[in-house]
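Examination of the molecular architecture
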Amino acid sequence: MTKDPFSPSADRYAGGMKYRRCGRSGILIPEISLGLWHNFGGISPFERSRDMILHCFDTGICHFDLANNYGPPYGSAEETFGQIYRRDLRPFRQELFISTKAGYDMYPGLYGNWGSRKYLFESLERSLARMNLDYVDIFYSHRYDPETPLEETMQALVDIVRSGKALYAGISNYPAEAARKAYAYLEERDVHCLLYQGKYSMLVRDPEGPILDGAAAHGVGFIAFSPLAQGLLTDRYFKGIPSDSRAGREEYLKSAQITPEVVERSRKLAAIAAERGQSLAQMALAWDLKDPRVTSVIIGASSVAQIDDNVAAIRGPEFTKDELEAINGIIGQ
Ligand SMILES: NC(=O)c1ccc[n+]([C@@H]2O[C@H](COP(=O)([O-])OP(=O)(O)OC[C@H]3O[C@@H](n4cnc5c(N)ncnc54)[C@H](OP(=O)(O)O)[C@@H]3O)[C@@H](O)[C@H]2O)c1
């Protein structure tokens, strides 16, 4: 358990963490960021959440990714973060890069979902209150809303940045064409889009093509979520489905998805990783990061040991042509 009061390591930026620039901007973020989607909500043990967040800080991971509805229950991951911030991290606010988002289902009624100005403003106020923050570093429109004019959602981001409640704006899960329009709208109003956040892993390669190309062309960084395919690109399910795992809890990953074929595919990938001197998780993260347009990968974790395993990914060897071909042969590209 982390000592109380928390005293961060003096060497937190000297432990080997690497940093990349978010597109055309002044901001560097760690190659590995921590996401609080699972394992930080009200149902998760608080001290374990605190250990993981403070361990990240000590390891040079200064970027924490949140959203209004992370939990469960909704909002509770922000509350957990807010408690840890108030207790341990407040003196270090200037070293932290904290995100939140609005765009998915959050509260009942007509104004707690999608991309209206009303939802984005109201949701951010509530996120800041839960996290005990005066501002977030980046606020994302969490998904494209085909029913709301893009201009309304983007103008809300512009006005939020101008209000000082977020320093930068970002978008997530936008189709490529809507993303291009969003970058242009923001740019014309002197609010450069800092990051596009998209799902990207060896098993989900959709961003390759217009999403990554479009972000790079507009000087926007790309930050990958679910780089371990929620645990499928790790050894988590090699000996069955642990009851404390994401699939064991039947959350966004279902036990029905852990088929013998899926496990076999991961075992084959793990064999290549072993030849590289890596765990499968480390190789999966290194695979995302081999593209210099990928600014960071946002990992989830349920223990400090997983974080340490994942952080070692940045010290792995370059991929050889043969390794990439062998991986492609397994993942079917
Ligand atoms: N913008 C969006 O729409 C969006 C959507 C999804 C996620 N995100 C962001 O991306 C973050 C990461 O997503 P994710 O949690 O799906 O990421 P992930 O890194 O693909 O999966 C994380 C899970 O993999 C397992 N794991 C991690 N490291 C491991 C290791 N070394 N060995 C064995 N198992 C390991 C853990 O599962 P167990 O919990 O079972 O131990 C962990 O919870 C989220 O927290 C959120 O911030 C954004």
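Reference entry: report on the structure contained in this document. (Residues numbered from 1 in each chain as written. Predicted model: local features only at pLDDT ≥ 70, side-chain atom pairs only at ≥ 80, totals over all residues.)

Focus: the overall build of the chain
Helix and strand counts for the chain come out as 10 helices and 10 strands. Its C-alpha atoms give the chain a radius of gyration of 19 Å, near enough to 20 Å, the size a compact globule of 333 residues would have. Overall, the C-alpha framework of the chain stretches about 50 × 50 × 40 Å when taken along its three principal axes. Out of the 333 residues in the chain, the part that is buried amounts to 47%. Of the contacts made within the chain by residues no fewer than 6 positions apart, 75% connect residues no fewer than 24 positions apart. (Helix = DSSP H or I, 4+ residues; strand = E, 2+ residues; numbered from the N terminus. Rg over C-alpha atoms; globule rule 2.2 N^0.38 Å. Buried ≥ 20, exposed ≤ 12 C-beta atoms within 10 Å, placed from the backbone. Contact = placed C-beta atoms within 7 Å.)

Regarding the sheet that holds strand 7 (residues 166–172)
Spatial strand order, 3-4-5-6-7-8-9-10: 8 strands in a closed barrel with parallel pairing. Strand-to-strand twist of the sheet, defined as the mean angle between neighbouring strand axes without regard to direction, takes the value 30 degrees. In this sheet, strand 7 lies alongside strand 6 (residues 136–141) in parallel orientation, the contact comprising 5 bridges. Opposite isoleucine 138, over in strand 7, you have tyrosine 168 as the bridge partner. On the sheet, helix 3 (residues 117–131) packs against strand 5 (97–102), strand 6 and strand 7 and is oriented at approximately 135 degrees with respect to strand 5. (Pairing = 2+ DSSP bridges. Axes fitted to C-alpha atoms, helices over the stretch in contact; angles between N-to-C directions.)

Here's the deal with the pairing of strand 6
The element strand 6 is largely enclosed, with a buried count of 6 among its 6 residues. Taken together, strand 5, helix 3 and strand 6 form a β-α-β motif whose crossover is right-handed. Remark: the strand 6/helix 4 (residues 150–163)/strand 7 crossover connection has right-handed handedness. (Right-handed = clockwise from strand over helix to strand, strands pointing away.)

Quick notes on the nonpolar core
Within the largest apolar cluster, 90 residues are counted, with the highest numbers of intra-cluster contacts made by Phe81, Ile138, Phe139, Leu157, Ala166, Ala169 and Ala284. Not counting residues within four places of it along the chain, the set of residues in contact with isoleucine 138 comprises Ser99, Ala166, Leu167, Tyr168, Ala169, Gly170, Leu194 and Leu195. (Core = buried A, V, L, I, M, F, W, Y, C linked by C-beta atoms within 7 Å.)

Some points on the packing of helix 1 (residues 46–58) against helix 2 (residues 76–89)
Viewed as axis vectors pointing N to C, helix 1 and helix 2 meet at an angle of 60 degrees, and their least axial separation amounts to 10 Å. Taken together, the axis directions place helix 1 and helix 2 in an arrangement best described as oblique. Considering only the axes of helix 1 and helix 2, their crossing is right-handed. Between helix 1 and helix 2, the contacting residues are Phe46, Ser49, Arg50, Ile53, Leu54 and Phe57 on the first element and Thr80, Ile84, Asp88 and Leu89 on the second. Residues belonging to the contact of helix 1 with helix 2 are distributed by class as follows: 6 nonpolar, 2 polar and 2 charged. (Parallel < 35°, antiparallel > 145°, perpendicular 65-115°, else oblique. Left-handed = near helix turned anticlockwise from the far one by under 90°. Nonpolar A, V, L, I, M, F, W, Y, C, P; charged D, E, K, R; others polar.)

Structural notes on the packing of helix 5 (residues 176–188) against helix 6 (residues 210–217)
Two elements in contact, helix 5 and helix 6, have axes separated by 9 Å at closest approach and are oriented at 10 degrees. Between helix 5 and helix 6, the crossing angle belongs to the class labelled roughly parallel. Contacts between helix 5 and helix 6 involve Ala176, Ala179 and Arg180 from the first element and Pro210, Ile211 and Gly214 from the second. Residue composition of the contact of helix 5 with helix 6, by class: 4 nonpolar, 1 polar and 1 charged.

Some words on helix 9 (residues 304–311)
Turn by turn, an α-helix covers 3.6 residues, leaving residues three or four places apart pointing in a common direction. Taken together, the buried positions of helix 9 are occupied by Ile307, Asp309, Asn310 and Val311. On its buried face, helix 9 is in contact with strand 3 (32–35), helix 1, helix 8 (280–289) and strand 10 (294–299).

What to know about the site of the ligand
If you check the shell around the ligand, you find 31 residues, and the closest are Gly35, Trp37, Phe225, Leu228 and Gly300. Residue assignment for the shell around the ligand shows that the elements contributing at least two residues are strand 10 and helix 9. The element that contributes the greatest number of residues to the shell around the ligand is helix 9, accounting for 3 residues. Grouping the constituent residues of the shell around the ligand by class yields 10 nonpolar, 16 polar and 5 charged. (Near = placed C-beta within 6 Å.)

Things to note about the environment of arginine 267
When you line up the elements, arginine 267 lands in helix 7 (residues 260–275). For the pair arginine 267 and phenylalanine 64, spaced 203 residues apart in sequence, the C-alpha separation works out to 30 Å.

Focus on helix 2
Among all positions in helix 2, only Ala77, Glu78, Thr80, Phe81, Ile84, Tyr85 and Leu89 are buried. What you see down the axis of helix 2 is that its buried residues fit within an arc of 155 degrees, all on one side. Buried residues along helix 2 sit against helix 1, strand 4 (63–65), strand 5 and helix 3. (Arc of directions from axis to C-beta.)

Structural notes on the environment of proline 5
Tracing the sequence through the fold places proline 5 in the segment before strand 1 (19–21). Separated by 83 residues in sequence, proline 5 and aspartate 88 place their C-alpha atoms 7.1 Å apart.

Describing unusual backbone geometry
Cis geometry marks the peptide bond from glycine 71 to proline 72; its omega dihedral reads -5 degrees. Position of proline 72 relative to the elements: it lies in the loop between strand 4 and helix 2. In this structure, the amide linkage connecting proline 72 to the following residue, proline 73, adopts the cis form with an omega of -10 degrees. With respect to the element layout, proline 73 can be found in the loop between strand 4 and helix 2. Of note in this structure, tryptophan 114 is not a glycine but carries a positive phi near 70 degrees. Looking at tryptophan 114, the number of C-beta atoms within 10 Å reads 21, which means it is buried. One non-glycine residue, aspartate 190, lies in the positive phi region at around 65 degrees. Topologically, aspartate 190 is positioned in the loop between helix 5 and strand 8 (193–199).

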